[in-house]
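# Structural overview
What follows is the residue order along each chain.
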Amino acid sequence: MPTFTAKVFVTLKPSILDPQGRTVERALSHLDHANVSGVRVGKYIELTLSGERAEVETQLQGIVENVLSNPIMENARWELEEVREVAGA
Amino acid sequence: MKTAIIQFPGSNCDADALHAARLTLDPDAQFVWHTEAGLPEGTELVFLPGGFSYGDHLRSGAIAARSPIMAAVKEHAERGGFVLGVCNGFQVLTEAGLLPGALSRNRDLHFHCAPVHLRVENAHTAFTGAYAPGQILEIPIAHGEGNYYADPGTIARLEAEGRVVFRYVDNPNGSLNDIAGIVNEQGNVLGMMPHPERAVERLLGSEDGRGIFESLKIVPTSRSLIR
């Protein structure tokens, strides 16, 4: 059964105030990086799943929508990568 | 009114909730652990207390909202049973879909712990009947994520239907429309960030939270709807 690594990225929706992002942006500006804007602080979540790709994708989509993110205030996207067994590893 | 106080790992206002419930509503109020499958027979009020369930990991209230007892709490709410969620309990209610919207980080990133003033916006709910319309209450807050957010359509609906029950006089967290507490469409589920259970005795500095519990006593269960 193939094994996959899922990488999930969760960020606040653009319409939601992101005070962490704003604080970081201000700090960068004070550090003479005045050309930096649009800083958003989000979450990165890794998961390992095993199963057939199509089923794993459906399952992951459900997990991301129903648990890992709150669609009222967050956007989420994910990447799925098959883990290749390395011979002798 | 038979009261059950749900305890999640990380609840830290559970004892306060139990004390307030026993003092005002039900001398036999009891704790219910989050892994239970059901509520005690005859439960009329479910109290989701404040705290940091599951350490606020993932999002505040998110994991608690998906714990075993919450299926029974949802059924209880659907049957018209009363549910009161305070602070983390409010966050759990939004995460569980029992109340609309979401609570995000305070606008200024600070944890606010102080008595605040609230205005009773709707004194015709099962939770507020003992208050006068427009009455100003002094009730403490203690939260880092109390910034109420919902999409504009939801906010308009809450306002139009009189479901904004409490509003901050001086908004401490950035909540839209100064919202401090809301009820569901049926009026039997109240979520609020301030802690009424910490304001039920003179000794605590304020008795203004007592009205929420007193209100529940004067409204028969069959009259849980917003009047």
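Residues numbered from 1 in each chain as written. Chains lettered and ligands numbered in written order. Predicted model: local features only at pLDDT ≥ 70, side-chain atom pairs only at ≥ 80, totals over all residues. Heavy atoms only, no water.

The cut-off we apply is this: UniProt positions are given in the numbering used here, feature names are shortened, and annotations may be inferred rather than shown by experiment.
Per an unreviewed UniProt entry, the recorded name for chain B is Phosphoribosylformylglycinamidine synthase subunit PurQ, and the organism is Deinococcus aerius. Turning to chain B, the UniProt annotation filed under Subunit (unreviewed entry) states: "Part of the FGAM synthase complex composed of 1 PurL, 1 PurQ and 2 PurS subunits."

The name recorded for chain A in an unreviewed UniProt entry is Phosphoribosylformylglycinamidine synthase subunit PurS, from Deinococcus aerius. Listed under Sequence similarities (unreviewed entry) in UniProt, the entry text for chain A is "Belongs to the PurS family." Chain A has a UniProt comment under Catalytic activity (unreviewed entry) that states "N(2)-formyl-N(1)-(5-phospho-beta-D-ribosyl)glycinamide + L-glutamine + ATP + H2O = 2-formamido-N(1)-(5-O-phospho-beta-D-ribosyl)acetamidine + L-glutamate + ADP + phosphate + H(+)".

## Looking at the overall build of chain B
This is how it is decided: Secondary structure elements follow DSSP: runs of H or I of four or more residues count as helices, runs of E of two or more count as strands, with numbering from the N terminus. Just to be clear, the radius of gyration here is over C-alpha atoms, and the globule rule we use is 2.2 Å times residues to the power 0.38. Remark: exposure states derive from per-residue accessible area (1.4 Å probe, protein chains only) relative to the maximum for the residue type, with buried under 20%, exposed over 50%, and partly exposed in between. The criterion used for residue contact is that any of the two residues' heavy atoms lie within 4.5 Å. For accessible areas, the Shrake-Rupley method is used with a probe of radius 1.4 Å. Any residue's cover is judged against the shown protein chains and nothing else. We count Lys and Arg on the positive side and Asp and Glu on the negative side, and we leave His and both chain ends out. For the purpose of locating charges, the reference atoms are NZ of Lys, CZ of Arg, CG of Asp and CD of Glu.
Across its full length, chain B carries 5 helices and 11 strands. Computed over its C-alpha atoms, the radius of gyration of chain B comes to 16 Å, within 12% of the 17 Å expected for a compact globule of 227 residues. Expressed along its principal axes, the backbone C-alpha trace of chain B runs to roughly 40 × 40 × 40 Å. Within chain B, buried positions represent 58% of all 227 residues. Pairs at least 24 apart in sequence give 74% of the contacts found in chain B among residues at least 6 apart. Entry remark: accessible area of chain B is about 8600 Å², with carbon and sulfur atoms responsible for 51%. With 18 positive and 26 negative side-chain charges, chain B shows a separation of 3 Å between the mean positions of the two kinds.

## Let's talk about helix H5 (residues 210-218) of chain B
Burial in H5 of chain B covers these residues: Gly211, Ile212, Phe213, Ser215 and Leu216 of chain B. The elements touched by buried residues of H5 of chain B are helix H1 (14-24), strand S3 (45-48), strand S4 (82-86), strand S9 (164-168) and strand S11 (189-192) of chain B.

## A word on the packing of aromatic side chains
Here is the rule: What counts as a ring pair is set by centres within 6.5 Å for rings of Phe, Tyr and Trp (its six-membered ring), and what kind of pair is set by the plane angle: stacked under 30 degrees, edge-to-face over 60, tilted for all other angles. Only when the NZ atom of a Lys or the CZ atom of an Arg is both within 6 Å of the ring centre and within 35 degrees of the ring normal do we say a charge sits over the ring.
The full count for this structure, using the stated rule, is 6 aromatic pairs over all chains. The ring of Phe9 of chain A carries the charged tip of Arg77 of chain A above its face, separated from the ring centre by 4.3 Å.

## So, the interface of chain B and chain A
Here is the rule we go by: By buried area we mean the combined loss of accessible area, with a 1.4 Å probe, across both parts when two parts are placed together. Within this document, salt bridges are pairs made up of a side-chain nitrogen of Lys or Arg and a carboxyl oxygen of Asp or Glu, the two lying within 4 Å of each other. In the analysis that follows, any N or O atom pair within 3.5 Å is treated as a polar contact, provided that within protein one partner can donate a hydrogen and the other can accept it, and provided that, for residues neighboring in sequence, both atoms belong to side chains. Lys, Arg, Asp and Glu make up the charged group, whereas Ala, Val, Leu, Ile, Met, Phe, Trp, Tyr, Cys and Pro make up the nonpolar group; the residues left over, Gly among them, are polar.
Listed as interface residues are 14 residues of chain B and, on the opposing side, 16 residues of chain A. Both faces combined, the contact of chain B with chain A buries some 1300 Å², and carbon together with sulfur accounts for 63% of it. When the area that chain B buries against chain A is broken down by residue, the three leading residues are Leu58, Arg59 and Tyr149 of chain B, summing to 42%. Linking chain B with chain A are 1 salt bridge, by the criterion used here. Arg59 of chain B is the salt-bridge partner of Glu74 of chain A, the closest N and O atoms lying 4.0 Å from each other. Connecting chain B to chain A are 5 residue pairs in polar contact (both at pLDDT 80 or more). Contributions of two or more residues to the side of chain B that touches chain A are made by strand S5 (102-104) and strand S8 (147-149) of chain B. The element best represented in the side of chain B that touches chain A is S5 of chain B, accounting for 3 residues. Residues that form the side of chain B that touches chain A fall into these classes: 5 nonpolar, 4 polar and 5 charged.

## A look at the pattern of salt bridges
For the coordinates displayed, the defined rule picks out 16 salt bridges over all chains. Between Glu161 of chain B and Arg163 of chain B there is a salt bridge, and its shortest N-O distance comes to 2.8 Å. For Glu161 of chain B, a relative accessible area of 32% gives the class partly exposed. According to the relative accessible area criterion, Arg163 of chain B is buried, its value standing at 6%. Measuring nitrogen to oxygen at the nearest pair gives 3.4 Å for the salt bridge that ties Glu207 of chain B to Arg202 of chain B. Overlapping salt bridges, with partners in common, bring together Lys43 and Glu74 of chain A together with Arg59, Arg66 and Glu95 of chain B in one network.

## Describing the UniProt feature "active site" (unreviewed entry) in chain B
All names here are of chain B. The positions that UniProt labels "active site" (unreviewed entry) are, in the present scheme, Cys87, His195 and Glu197. Across 111 residues, the annotated set stays spatially compact, with a maximum C-alpha separation of 10.9 Å. Take His195: it is sitting in the loop between S11 and H5. Assessed through its relative accessible area of 1%, His195 is described here as buried. If near-sequence neighbours (up to four positions away) are discounted, His195 is found in contact with Cys13, Gly50, Val86, Cys87, Ile139, Pro140, Ile141 and Ala142.

## Quick notes on H1 of chain B
Residues and elements named next belong to chain B. Our working definition: The arc in question is formed by the directions pointing from the helix axis toward the C-beta atoms.
All of the buried residues along H1 are Asp14, Ala17, Leu18, Ala20, Ala21 and Thr24. Down the axis of H1, the smallest arc covering the buried residues is 165°, so these residues share one side. Looking at the buried side of H1, the elements it contacts are strand S1 (3-7), strand S2 (30-33), S3 and H5.

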